[in-house]
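Chain residues, written in single-letter form:
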Amino acid sequence: MSLVPDPSDNPALSQALRELDVILANAGVGVVFVKAKTLVRCNQRYAEIYGFASPEAAVGRSSVELYESEAAARSLGRRAYPVLAAGETFRVEQLMRRQSGEQFWAHLTGRLINPADPADGSIWIVDDIHERRLADAALADLHAEQQLIFDHAMVGILYLRRRRVTRCNRALEQLFGFDPGEMDGQLARIVYRSDADFEAAGNILYEPLARGEAFQGEMLLAKKDGTPVWCEIRSKAIDSADLSRGSIWIVQDITDRKLAAQALEQAKAQLEMLVEQRTQQLKETVAALERKVAEQQAAEARAERLALFDGLTGLPNRHLLADRASQAIDIARRSDEPLAVLFLDLDHFKNVNDSLGHRIGDSLLSQLAARLRGAVREQDTVARTGGDEFVLVLPLTDVAGAAHLATKLMALASAPFQVEQQELTVTPSMGIAMFPTDGDDFDTLCKCADAAMYRAKRDGRNAYRFFTSEMQAQSARALLLENALRRALERGQLSLHYQPQFSLDADGESRVVGAEALLRWHHPELGWVSPAEFIPIAESSGLILPIGEWVLVEALSQLRRWDDAGLPELSMAVNLSAVQFRHDDLPQLVERVLGELGMPAERLELELTEGAAMDNPAVAITVMNELHARGVRLSIDDFGTGYSSLSYLKKFRVSKLKIDQSFVRDLTDDAEDRAIVDAVIRMAGALGLQTLAEGVETEGQLAFLRRQGCLAVQGYLFSRPLPAEAFVEFVRAGALATV
């Protein structure tokens, strides 16, 4: 009688096997099960990589024949065995061999099915990286050729990013009299004679670069010792759509040529002056006076224009807006008439500038300004206050009139814009404040309209909202919390609570293996403030950076104190906000804190939300690699609540997926939640990742998670978050208790 259950007798097993078959059949990488160096089962992609006619054709074949040689296979086995036997995932880039005999590079990821019994075999994930390796080699050759040109060029070559030197050759350093490497990282100001020259050059040089054109011209610069030097400059942006990526500059000393030309011109001018001096003196004097008068008049006109009107759209600017609004409010106050102030902001306009360039964005704003001017009355004021923000002051306009105009503006702003053969569509969010109901002066009305506009954005954008007393209270509350939060750290109002994390052992026992540090704020007057309320304020104000550093130091310091108190060796999980994760010096900060506290990096686990990781996957991979290289473990928090690409997930240097409590909450009642949790656990196992379920509150939830192979849990079934002292008592009282 067979000991293997028939899938037809177990619908859940049958469903799980079908799900596994679908995953294997559609995976973008090869997956194979190996036992005793024999291929037991593989997916279609694995067969394609190694040139088997089908997955079935690979079954029974020796895994050794897939290596370039038997010696290579033995060598990999010697390296992989200690890692696999320890229950860890083994990763390597290896030269392999297809059935045709062709050798190729592959990325191998392996893990034992049962570390306790290696005879049960292993599972390997294979990715064909041969083309990437060839491309890397070709790129290295190209870089070597470029370096030869760079090092031996007879002219100065300079790379700038945000007008700061990222790289230059020796010829450039010699031209300006600097020692080798002295210019690296310096602001380009060091080769200009004055701050004014530096600022003026920025306007001249970068305007053609932003249009995708090259710059070529002559400039008077200065050597390190202040000696003037004339240079011929040629430059071009590396990417004209994104000037932040930098530019390359070719610089040649033309001082001798320039001085000779100047001397020739000077001699010629002197000769002409001697001939015409007396006959032209009166004419030149009159002409000079006329030019000066004209220039003065033009300058005064420009100054007046710039002082009162927006240079891009021609609409009134903030100064003229404030003057007109104050006059309109005075008239409305004396006449007891209504008046409306409307704020308009374009939704996600930054995406237009970032993807298409500021020139396209400016053209769109100019067209929008024309539409707004055409939609209002002569006595109304339309102003641009900066960026994509517009303010309308509407005398003799009541609530109904303001709503009617807002509806009209919604349609006008949402209609397609034609900009340089491109059709663009944007949506507006608008806020409306009414005089005198919402305020008796322009500043108050502006704040109310601004708050109403942000309410429209929070409600889904592409809408308008009127100011309400509720919004005023929320705005005042947010300002109060931000001001209080700025002093909370120095006044000792912040603290950490720790929620125990339990492992689910195969013998049915659970034990404390770690803690998650959770930030708490107790204000002497406001009482306990919810993290859901103050964390977004900390992120938007930038306070999350010093607070986040304090949390990291305090959590690891507490871990050190627990070690000294004799508690079992635990791990510490610390949450990272998206703002912290995007900060350039995060890996260096973590390394410094670990070093100062003498804490092993593997004891720290940084939790990153799914949304923060997927905001910019390429940057996320770089930061994760830097943290991983320092030995720090990473986990994806709230997994399943955002959007993840499996192709990126396998590249992320994470060791754990935390299943969000929204899926755990209804496990015993909701079949869809059970299917999602089961799929996440299976997928994590296939990728060599651990799983931890959050928010476990019932025995039924725990039993399901244990059956499905979840490795760890946390939640109120075990313990609420505890202060540090209570956490110690909890661990000592029941660290080995069976739940």
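Report follows, based on the coordinates. Bear in mind that the values here come from a model prediction, so they are computed numbers and not experimental data. (Residues numbered from 1 in each chain as written. Predicted model: local features only at pLDDT ≥ 70, side-chain atom pairs only at ≥ 80, totals over all residues. Heavy atoms only, no water.)

Topic: the overall build of the chain
Then step 1. Each helix and strand in the chain was counted, giving 25 helices and 26 strands.
Then step 2. Here the chain, with 739 residues, has 41% of them falling under the buried criterion.
Then step 3. About 39100 Å² of surface is accessible on the chain, with carbon and sulfur atoms providing 53% of the total. (Helix = DSSP H or I, 4+ residues; strand = E, 2+ residues; numbered from the N terminus. Buried < 20%, exposed > 50% of the residue type's maximum accessible area, 1.4 Å probe, protein only. Areas by Shrake-Rupley, 256 points an atom, 1.4 Å probe, with all protein chains shown as cover.)

Let's talk about the packing of helix H16 (residues 544-564) against helix H18 (residues 586-597)
Then step 1. In contact at an axis separation of 10 Å, H16 and H18 are set at 30° when each is read in the N-to-C sense. Here H16 lies roughly parallel to H18, going by the angle between them. Relative to H18, H16 is oriented so that their crossing is right-handed. The residues of H18 that touch H16, namely those facing Glu549, Leu552, Val553, Leu556, Ser557 and Arg560, are Leu589, Val590, Arg592, Val593, Leu594 and Leu597.
Then step 2. Its residues assigned to classes, the contact of H16 with H18 comprises 8 nonpolar, 1 polar and 3 charged. (Axes fitted to C-alpha atoms, helices over the stretch in contact; angles between N-to-C directions. Parallel < 35°, antiparallel > 145°, perpendicular 65-115°, else oblique. Left-handed = near helix turned anticlockwise from the far one by under 90°. Contact = heavy atoms within 4.5 Å. Nonpolar A, V, L, I, M, F, W, Y, C, P; charged D, E, K, R; others polar.)

Structural notes on the side chain of Asp388
Then step 1. Inspection of the secondary structure puts Asp388 in the loop between strand S12 (381-386) and strand S13 (389-395).
Then step 2. Of the side chains with opposite charge, Lys457 lies nearest to the buried Asp388, which makes no salt bridge, at 5.9 Å.
Then step 3. A distance of 3.3 Å separates a polar side-chain atom of Asp388 from the backbone nitrogen of Leu346.
Then step 4. Among residues more than four places away in sequence, those in contact with Asp388 are Leu344, Asp345, Leu346, Phe349 and Leu365. (Lys, Arg positive; Asp, Glu negative; His and termini not counted. Salt bridge = Lys/Arg side-chain N within 4 Å of Asp/Glu carboxyl O. Polar contact = N/O pair within 3.5 Å; in protein donor to acceptor, adjacent residues only side chain to side chain.)

Some words on the sheet that holds strand S1 (residues 30-35)
Then step 1. Ordered by their spatial adjacency, 5 strands build an open sheet running S2-S1-S5-S4-S3, and the pairing between neighbours is antiparallel. Each having just a single partner strand, strand S2 (38-42) and strand S3 (90-97) make up the two edges of the open sheet. Neighbouring strand axes in the sheet, compared pairwise and without regard to direction, differ in orientation by 35° on average.
Then step 2. Sheet strands touched by helix H4 (residues 70-85): S3, strand S4 (103-112) and strand S5 (122-128). Its angle to S3, the strand with the most contacts, is close to 165°. (Pairing = 2+ DSSP bridges.)

Notes on the pairing of S2
Then step 1. Inspection of the sheet shows S1 paired to S2 by 4 bridges, in the antiparallel sense. Considered in S2, the bridge of Phe33 is made with Arg41.
Then step 2. Between S1 and S2, which pair antiparallel in sequence order, lie 2 residues; one of them, Ala36, sits at a positive phi of approximately 55°.

Structural notes on the environment of Val728
Then step 1. Tracing the chain through its elements places Val728 in helix H25 (residues 724-734).
Then step 2. Apart from residues lying up to four places away in sequence, Val728 is in contact with Trp562 and Leu567.

Some details on the packing of aromatic side chains
Then step 1. Applying the stated rule across the entire model yields 12 aromatic pairs.
Then step 2. Between Trp521 and Phe534 the ring centres are 5.5 Å apart and the planes differ by 90°, which places this aromatic pair in the edge-to-face class. Note that Trp521 is positioned in strand S19 (residues 510-523) and Phe534 in helix H15 (residues 531-541), a separation of 13 residues in sequence. Residues Trp521 and Phe534 agree in their burial class; the two are buried.
Then step 3. Among the aromatic residues, those joined into a ring-pair cluster are Tyr46, Tyr50 and Phe104.
Then step 4. Cation over ring: Arg133 sits above Trp105, and NZ or CZ is 3.6 Å from the ring centre.
Then step 5. Directly above the aromatic system of Phe198 lies the positively charged group of Arg163, at a separation of 3.8 Å from the ring centroid. (Phe/Tyr/Trp six-rings, centres within 6.5 Å; stacked < 30°, edge-to-face > 60°. Lys NZ or Arg CZ within 6 Å of the ring centre and 35° of its normal.)

Re the pattern of salt bridges
Then step 1. Scanning the entire structure with this criterion turns up 44 salt bridges.
Then step 2. Lys658 is the salt-bridge partner of Glu516, the closest N and O atoms lying 3.2 Å from each other. On the criterion of sequence distance, the pair formed by Glu516 in strand S19 and Lys658 in strand S24 (residues 656-659) is long-range, its members being 142 residues apart. Accessibility classification places Glu516 together with Lys658 in one group, the buried group.

Describing the environment of Val393
Then step 1. Take Val393: it is sitting in strand S13.
Then step 2. On the accessibility criterion, Val393 (3% relative accessible area) is buried.
Then step 3. Discounting residues that sit within four places of it in the chain, Val393 has contacts with Leu321, Ala325, Ala328, Leu339, Ala340, Asp380, Thr381 and Phe442.

Some remarks on a negative patch on the surface
Then step 1. A contiguous patch of negative charge, built from Glu265, Glu272, Glu276 and Glu284, is present on the exposed surface.
Then step 2. Note that Glu284 resides in helix H8 (residues 255-308). (Patch = residues over 30% accessible without salt bridge, like charges linked within 9 Å, V, L, I, M, F, W, Y side chains within 5 Å. Charge placed at Lys NZ, Arg CZ, Asp CG, Glu CD.)

Quick word on the layout of surface pockets
Then step 1. If you add up the space inside the second largest pocket, you get close to 1100 Å³.
Then step 2. Considering the residues around the second largest pocket, the lining is formed by 42 residues, among which Glu516, Ala517, Leu518, Asn575 and Asp637 are closest to the centre.
Then step 3. Contributing elements (two or more residues each) for the lining of the second largest pocket: S19, H15, H16, strand S21 (571-576), helix H17 (578-582), H18, strand S22 (604-609) and strand S23 (633-639).
Then step 4. Ranked by the residues each element gives to the lining of the second largest pocket, the list is headed by H16, at 7 residues.
Then step 5. A class-by-class count of the residues in the lining of the second largest pocket yields 19 nonpolar, 12 polar and 11 charged. (1 Å grid on protein atoms, 1.4 Å probe; cavity = no way out; pocket = protein on both sides within 12 Å on 5 of 7 lines; lining within 4 Å. Points joined across faces, edges and corners; volume = space filled by probe spheres on them.)

Section: unusual backbone geometry
Then step 1. For the peptide bond that leads from Phe435 to Pro436, omega is 0°, which places it in the cis range.
Then step 2. Along the chain, Pro436 turns up in the loop between strand S16 (428-435) and helix H13 (442-458).
Then step 3. Residue Ala36 is not a glycine yet carries a positive backbone phi of 55°.
Then step 4. Along the chain, Ala36 turns up in the loop between S1 and S2.
Then step 5. Non-glycine residue Gln421 carries a positive phi angle of around 60°.

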